[in-house]
Amino acid sequence: ETGVTQTPRHLVMGMTNKKSLKCEQHLGHNAMYWYKQSAKKPLELMFVYSLEERVENNSVPSRFSPECPNSSHLFLHLHTLQPEDSALYLCASSQDPIAGLGGEQFFGPGTRLTVL
Amino acid sequence: TQLLEQSPQFLSIQEGENLTVYCNSSSVFSSLQWYRQEPGEGPVLLVTVVTGGEVKKLKRLTFQFGDARKDSSLHITAAQPGDTGLYLCALPNDYKLSFGAGTTVTVRA
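Parameters at a glance
Residues numbered from 1 in each chain as written. Chains lettered and ligands numbered in written order. Predicted model: local features only at pLDDT ≥ 70, side-chain atom pairs only at ≥ 80, totals over all residues. Heavy atoms only, no water. Pairing = 2+ DSSP bridges. Helix = DSSP H or I, 4+ residues; strand = E, 2+ residues; numbered from the N terminus. Axes fitted to C-alpha atoms, helices over the stretch in contact; angles between N-to-C directions. Salt bridge = Lys/Arg side-chain N within 4 Å of Asp/Glu carboxyl O. Buried < 20%, exposed > 50% of the residue type's maximum accessible area, 1.4 Å probe, protein only. Phe/Tyr/Trp six-rings, centres within 6.5 Å; stacked < 30°, edge-to-face > 60°. Disulfide = S-S within 2.5 Å.

Asks: What am I meant to see in the sheet that holds strand S1 (residues 5-7) of chain B here?
Replies: Within a beta sheet, neighbouring strands are joined by backbone hydrogen bonds and run either parallel or antiparallel to one another. Residue and element names in this part refer to chain B. As summarised here, the arrangement of the five strands in space is S1-S3-S8-S7-S6, forming an open sheet in which the pairing is antiparallel. Strands at the two margins of the open sheet, each flanked by one partner only, are S1 and strand S6 (55-58). Across this sheet, the average inter-strand angle for adjacent strands is 15°, counted without regard to direction.

Given below as structure tokens:
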């Protein structure tokens, strides 16, 4: 138990569906992140939020829409996804945005997304 | 953007054997982190190395940071099935982490 929870753990959706992934951190952290983990590829950073403001949007297609209503919650809204978007979506948090000398990121268990 | 190369991609060994996995870059690291990701879970931080030549030990795990700060290794002594997982190295940089592709380690009982 890392203090970061994600729901749902598994999601199957069609290309025309709209769904949302939820992340909650119970650690009092100020920064939250969405990552995509595909088979045989490095973890890809998608979005970074610091104090509820988006500080990084890593060239992510607009069919992925993040929302950070407060420092404890992060959502990823999904619509008209493609089969290649099937992956494990990981949420993470850290006390502050990661700086050059590091700082620990705490990851949730992920949502396994399958797009049919 | 610094690229991290990890090797080998896969490693399968018998319980009790030793193993080493590597993380390399053509650029100098300011610091490097190692994470382990078990099946069905997110990555968990094992260690952060900062100083060239640094060696850190965590029970049966030994982490080395190269003198030139361009490479790092993780050595596991007397591996156990509980060591099974994906081992990732990561560069902290500009409020984010950049990850290598990882080494999948399987320890057979």
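Asks: Can you walk me through the pattern of salt bridges in this structure?
Replies: One pass over the structure, following the stated rule, counts six salt bridges over all chains. Ionic pairing is found between Arg63(A) and Asp85(A), a salt bridge with its closest N-O pair at 2.7 Å. Taken together, the positions of Arg63(A) in the loop between strand S6 (53-57) and strand S7 (64-70) and Asp85(A) in the loop between strand S8 (73-79) and strand S9 (87-94) put the pair 22 residues apart, joining distant regions of the chain. In this structure, Arg36(B) and Glu38(B) form a salt bridge, with 3.8 Å as the shortest nitrogen-oxygen distance. Classification of Glu38(B) as partly exposed rests on a relative accessible area of 38%. Linked by salt bridges that have partners in common, Arg36(B), Glu38(B), Arg60(B) and Asp83(B) make up one network.

Asks: What should I look at first to understand the packing of aromatic side chains in this one?
Replies: The geometry of an aromatic ring pair is captured by two quantities: the separation of the ring centres and the angle between the planes. In this structure the tally under the stated criterion is eight aromatic pairs over all chains. Residues Phe64(A) and Tyr89(A) carry aromatic rings whose centres are separated by 5.9 Å and whose planes lie at 35° to one another, so their mutual orientation is tilted. A residue pair is termed long-range when its members are at least 10 positions apart, and Phe64(A) in strand S7 and Tyr89(A) in strand S9 qualify at 25 residues. Looking at Tyr89(A), the relative accessible area reads 0%, which means it is buried. A network of ring pairs unites the aromatic residues Tyr33(A), Tyr35(A), Phe107(A), Tyr35(B) and Phe99(B) as a single cluster.

Asks: Would you mind showing me how to read the state of the cysteines here?
Replies: Here, disulfide denotes a covalent bond that connects the sulfur atoms of two cysteines. Across all of its chains, the model carries two disulfides over all chains by this definition. Note that Cys23(A) is cross-linked by a disulfide to Cys91(A), the S-S spacing being 1.9 Å. Across the S-S bond of Cys23(A) and Cys91(A) the torsion is about -70°, and the bridge reads as left-handed. Here Cys23(A) is found in strand S3 (residues 18-25), whereas its partner Cys91(A) is found in strand S9, with 68 residues between them in sequence. A sulfur-sulfur distance of 2.1 Å marks the disulfide that ties Cys23(B) to Cys89(B). Between Cys23(B) and Cys89(B) the disulfide shows an S-S torsion of about 75°. By sign, it is right-handed. Of this pair, Cys23(B) sits in strand S3 (residues 19-24) while Cys89(B) sits in strand S9 (residues 85-93), placing them 66 residues apart in sequence. Assigned by exposure class, Cys23(B) and Cys89(B) land together as buried.

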